[in-house]
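# Examination of the molecular architecture
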Amino acid sequence: MKKIKMSIAAMLLLTVSFAYAQEKDKMDHSNMKMDHSKMMDTKTDAKAEVILNDYFNLKDALVADDTKKAAQLGTTLVASLKAFDSSHYTKEQQSELADIIEDATEHAEHIAESAIDHQREHFKTLSKDITDMVAITGTKNTLYQQFCPMYDGGTAWLSTKEEVRNPYYGSQMLKCGKVQREIN
Amino acid sequence: MKVLKIIAWIALIAFVVIQFFPMDYNQSETLPQTDFMLVNKVPATVEKSLQVSCYDCHSNYTKYPWYNKVQPVAWFLEDHIKEGKAELNFNEWDTYSDRRKNSKLRSIIKQIENGQMPLDSYTLIHRDAILSKEEKEAVLNYMKTLKDDLE
């Protein structure tokens, strides 16, 4: 009897470790390819526009309290951040951009695998990164930097529309905030 | 019953065999100049808290109790350490840019405030890694001053 008990214990451990190893494999294969080549504008940085576009979609998902969609868009954003090419910027801008992209990627990754509160926390810093990115890359659209004084001691984000839709509170406080400044 | 017994034996043998799989221990001999403690003036109490509660998974040196050297437990741990170090490695603190430091500090503060760190699965065994109310406050205050200095 003692032997059987021992063996069962061993078996359990083993099953767990195999299941674990398999899961690990799965994770490694989840590299997704994205096709963003449709957007082309000679004047602005097309790849930066893709990033912005993904960011705005993500913002809309958070406004709509849609965790699942926000998570998917987090993954999309990771891919477009990765595709960003800074080779035609100055050395100084390149290092700044590399820094921004690295930081933003980490936040996007977290958004891809978190619950909504945590997604919003990361969206705050992500917004700062994206704002700093736009300051360098520019954009063809008019953007509005909006600001909610209530969330985490005051928090900003970017939007393509002037009317305020709050991504940090969603339906809870949809219209909390004001336009802080216009970009372009 | 006979089948069960055979399966059990196979499992047992496999359990023994996996003990011989090589393990990469997270025990670097050198402390880089970029370490959090070396580049910041960390108060002794905070330093101790960080060493005990954070450094096992967030640095290049883990103190392994014996049971953490048994497979498959060691594999679980290895992955946690890998993930922990990817998120934040105190040994590499000064290699982070100000932007990244700011980001990290924000996450550190949030995670400790919310009780997400140190991980429950970690403190379950490492009882001494649980931060007391005072320790928590001291660590948080210190991290907040660091963050304010960056902004």
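Reading the values: rules and limits
- Residues numbered from 1 in each chain as written.
- Chains lettered and ligands numbered in written order.
- Predicted model: local features only at pLDDT ≥ 70, side-chain atom pairs only at ≥ 80, totals over all residues.
- Heavy atoms only, no water.
- Helix = DSSP H or I, 4+ residues; strand = E, 2+ residues; numbered from the N terminus.
- Buried < 20%, exposed > 50% of the residue type's maximum accessible area, 1.4 Å probe, protein only.
- Contact = heavy atoms within 4.5 Å.
- Phe/Tyr/Trp six-rings, centres within 6.5 Å; stacked < 30°, edge-to-face > 60°.
- UniProt positions renumbered as here; feature names shortened; annotations may be inferred.
- Expected span 1.5 Å × (residues − 1).
- Salt bridge = Lys/Arg side-chain N within 4 Å of Asp/Glu carboxyl O.
- Axes fitted to C-alpha atoms, helices over the stretch in contact; angles between N-to-C directions.
- Parallel < 35°, antiparallel > 145°, perpendicular 65-115°, else oblique.
- Left-handed = near helix turned anticlockwise from the far one by under 90°.
- Nonpolar A, V, L, I, M, F, W, Y, C, P; charged D, E, K, R; others polar.

Residues and elements named next belong to chain A. With respect to the secondary-structure elements, Phe 123 resides in helix α5 (residues 116-137). The class for Phe 123 is buried, based on a relative accessible area of 0%. Along the primary structure Phe 123 and Ala 135 are separated by 12 residues, whereas in three dimensions their C-alpha atoms are 18 Å apart. Here Phe 123 is in contact with Tyr 55, Leu 58, Lys 59, Leu 62, Ile 111, Trp 157, Pro 167 and Tyr 168, once residues within four sequence places are set aside.

Residues and elements named next belong to chain A. Within this structure, the stated rule accounts for 14 aromatic pairs over all chains. Judged by centre distance (5.8 Å) and plane angle (70 degrees), the ring pair of Trp 157 and Tyr 168 falls under edge-to-face. Note that Trp 157 is positioned in strand β2 (residues 155-159) and Tyr 168 in the loop between β2 and β3 (178-183), a separation of 11 residues in sequence. Looking at Tyr 168, the relative accessible area reads 2%, which means it is buried. An aromatic cluster is built from Tyr 55, Phe 56, Phe 123, Tyr 151, Trp 157, Tyr 168 and Tyr 169, whose rings are joined through pairwise contacts.

Looking now at the UniProt feature "domain: DUF3347" (unreviewed entry) in chain A. The sites that UniProt annotates as "domain: DUF3347" (unreviewed entry) are residues 51-141 of chain A. Taken end to end, residues 51-141 of chain A comprises 80% helix and 0% strand; its first and last C-alpha atoms sit 13 Å apart.

Turning our attention to helix α6 (residues 98-113) of chain B. Its 16 residues give α6(B) an end-to-end C-alpha distance of 22 Å, which sits within 8% of 22 Å, the value for a rise of 1.5 Å per residue. One or two positions beyond α6(B), positive phi appears at Gly115(B), with a value near 75 degrees.

With that out of the way, let us pick up the pattern of salt bridges. Scanning the entire structure with this criterion turns up 16 salt bridges over all chains. Across the pair Arg99(B) and Asp129(A) runs a salt bridge, and its minimum N-O distance is 2.8 Å. Within this pair, whereas Arg99(B) is found in helix α6, its partner Asp129(A) is found in helix α5, the two belonging to separate chains. For the pair formed by Arg99(B) and Asp129(A), the shared burial category is buried. Between Glu113(B) and Lys144(B) there is a salt bridge whose closest N-O contact spans 3.2 Å. Of the two residues, Glu113(B) sits in helix α6 while Lys144(B) sits in helix α8 (residues 133-150), which places them 31 residues apart along the sequence. The class of Glu113(B) is partly exposed, set by a relative accessible area of 36%.

Further remarks concern the UniProt feature "domain: Haem-binding" (unreviewed entry) in chain B. Residues annotated by UniProt as "domain: Haem-binding" (unreviewed entry) correspond here to residues 12-147 of chain B. Between the end C-alpha atoms of residues 12-147 of chain B there is a gap of 51 Å, over a span that is 55% helix and 0% strand.

Residue and element names in this part refer to chain A. Axis separation between helix α3 (residues 67-82) and helix α4 (residues 91-112) bottoms out at 7 Å; the angle between their running directions is 155 degrees. Here α3 lies roughly antiparallel to α4, going by the angle between them. Considering only the axes of α3 and α4, their crossing is left-handed. For the pair α3 and α4, the contacting residues are Ala 70, Ala 71, Gly 74, Thr 75, Leu 77, Val 78 and Leu 81 in the first and Ile 101, Ala 104, Thr 105, Ala 108, Glu 109, Ile 111 and Ala 112 in the second. Per-class residue counts for the contact of α3 with α4 are 10 nonpolar, 3 polar and 1 charged.

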